[in-house]
Amino acid sequence: MAPYWKQAAALAAISALTAVNGFVAPSASRLSTCGPLCMAETAVAEDMKIGEIASDNIRNIAVIAHVDHGKTTLVDALLRQTNVFRDEAQADEAGERVMDSEDQERERGITILAKNLAVMRDGFKINIMDTPGHADFGGEVERVLNMCDGVLLVVDSVEGPKPQTRFVLDKALRRGMKVVVVVNKIDRPSARPDYVVDKVFDLMMELGATDEQIDFTTVYASGLLGTSGMEPDEMSGDMKPLFEAVKDCIDPPTVDTTEGDALQCLVSNIDYDQFKGKMGIARITNGSVRNGQAVALAQPDKAKKTGRLTSLFVFDNLGKREVDVASAGEIIMFSGLDNVEIGDTLITNDGGGANAADPLPPIAVELPTVRMTLGVNKSPLAGREGKFLTSRMIRDRLFKELDRNVALKVEETESADKYAVSGRGQLHLTVLIETMRREGFELEVGPPVVIYKTNEETGKVEEPFEM
């Protein structure tokens, strides 16, 4: 589990700022309060408060791509041009790939956990979700897309669409989302932007995109240089064209009503705070919610879990800020309900919930493809490295992982000291094992085994394959 930290005294104005496990906020030195060095074009009116922004001025987007196509570097460029950092010195201190704040992410050079941030630009609040590019972490992408209204599809200017590009784009198109195609790394000498755009068009046709989705906007960018443009040979010196494309081409949240009784808020992630306990992260689909409100967590065909909110946050830059009220279209974090689960719908419980809205459909993700057994180390060298050795400790840790890792599955086996852990691939399971090892667990790991399933239509046993 990622370490948690207390807010720095110098950032006392940002209340209750904590690290997020899953939506990870980097260290306190990387955060900023927008001071006198803010650029005029990104300044926000003083009376505009976080949590009180009209839904028409909100854009919720996910940045999706194949691995190593430059998503995180592109997000870095967006951060540096929206006053997240106080000055150049603080930006330099933060370094590169700010969003890849986990140890394994920096060591492996990939994004593992989806992360959330929010930036202000010309009076618009843009909630950005940085997602993993590796297929093994596709569950993170599927979970995050539930909070978005559109996507930035980042494609390498040389390689073009790759297998994971197809997977994540298919998920976005099925949800009816609009796509802004970002041809990244346009500064490469071997860039071939026309070829890449044609291949993206062909891929959208193959995936059954609508006419509106196929009529996508293309932005050419270099995340490394922090430049973008609407034509490959007409690049501006900043990311303004990309910001403009997001504001103009991605629809604002669709809101039926902001009445309190209509509250519908699908929980897409779980966090744990050492002071506030278990916290849910969700996007408000309809209605509004206030701090201290009587609420309930509901799922179709399940009993409601009732409680009262003890804190309510919205995302602000790389951290979060406490608010009194949040309305439809916002992405929130809340505490007060220790039994919150991913897939729950937060609804009102005022008046016993007599006028509460129906719960939303829970999150659906692709099934696991690989299984491994994890259990107690029984080798002659057992107990020499780890401090958590028993079957009970291993079991508790594995089932706790299910709270936020929606693509993982853990099952009991015939042996009391072994557990079958299923995931989307070997890397997915390897990251979990390495995380547990660093936490002090000592494990005996079995070989990976492909999960076969019987096709209900043909009766044949089949291995996993991509459509």
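Up top is the structure.
Analysis parameters
- Residues numbered from 1 in each chain as written.
- Predicted model: local features only at pLDDT ≥ 70, side-chain atom pairs only at ≥ 80, totals over all residues.
- Heavy atoms only, no water.
- Pairing = 2+ DSSP bridges.
- Helix = DSSP H or I, 4+ residues; strand = E, 2+ residues; numbered from the N terminus.
- Axes fitted to C-alpha atoms, helices over the stretch in contact; angles between N-to-C directions.
- Phe/Tyr/Trp six-rings, centres within 6.5 Å; stacked < 30°, edge-to-face > 60°.
- Buried < 20%, exposed > 50% of the residue type's maximum accessible area, 1.4 Å probe, protein only.
- Lys NZ or Arg CZ within 6 Å of the ring centre and 35° of its normal.
- Salt bridge = Lys/Arg side-chain N within 4 Å of Asp/Glu carboxyl O.

Engineer: Teacher, can you tell me more about the sheet that holds strand β1 (residues 58–65) here?
Structural biologist: Strand order in the open sheet made by the seven strands is β2-β3-β1-β4-β5-β6-β7, with mixed pairing throughout. Since the sheet does not close on itself, it has two edges, and those belong to β2 (115–121) and β7 (227–229), each with one partner. Ignoring strand direction, the axes of neighbouring strands in this sheet form an average angle of 25°. With four bridges connecting them, strand β5 (residues 178–184) and strand β6 (residues 217–222) associate as parallel partners.

Engineer: What should I look at first to understand the packing of aromatic side chains in this one?
Structural biologist: The description of two aromatic rings rests on the distance between their centres and on the angle between their planes. A complete count under the given rule lists one aromatic pair for this structure. Their ring planes at 40° and their centres at 4.9 Å tell us that Phe 388 and Phe 441 sit as a pair that is tilted. One end of the pair, Phe 388, is in the loop between β18 (370–376) and α9 (391–401); the other, Phe 441, is in the loop between α10 (426–439) and β21 (443–445), and 53 residues separate them in sequence. Accessibility expressed as a relative area gives 28% for Phe 388, which makes it partly exposed. A relative accessible area of 10% means that Phe 441 is categorised as buried. Across the ring face of Phe 313, the terminal group of Lys 320 is positioned such that the distance to the ring centre comes to 5.3 Å.

Engineer: Help me understand the pattern of salt bridges, please; the structure alone is not making it clear to me.
Structural biologist: When the charged atoms of two side chains lie near each other, side chains of opposite charge can form a pair. For the structure shown, the criterion picks out 22 salt bridges. Between Arg 290 and Asp 350 there is a salt bridge whose closest N-O contact spans 3.4 Å. Taken together, the residues span a long stretch of sequence, with Arg 290 in strand β10 (residues 288–290) and Asp 350 in the loop between β17 (345–348) and β18 at a distance of 60 residues. Residue Arg 290 is classed as partly exposed on the basis of its relative accessible area, which comes to 40%. Residue class for Asp 350 comes out partly exposed when judged on its relative accessible area of 28%.

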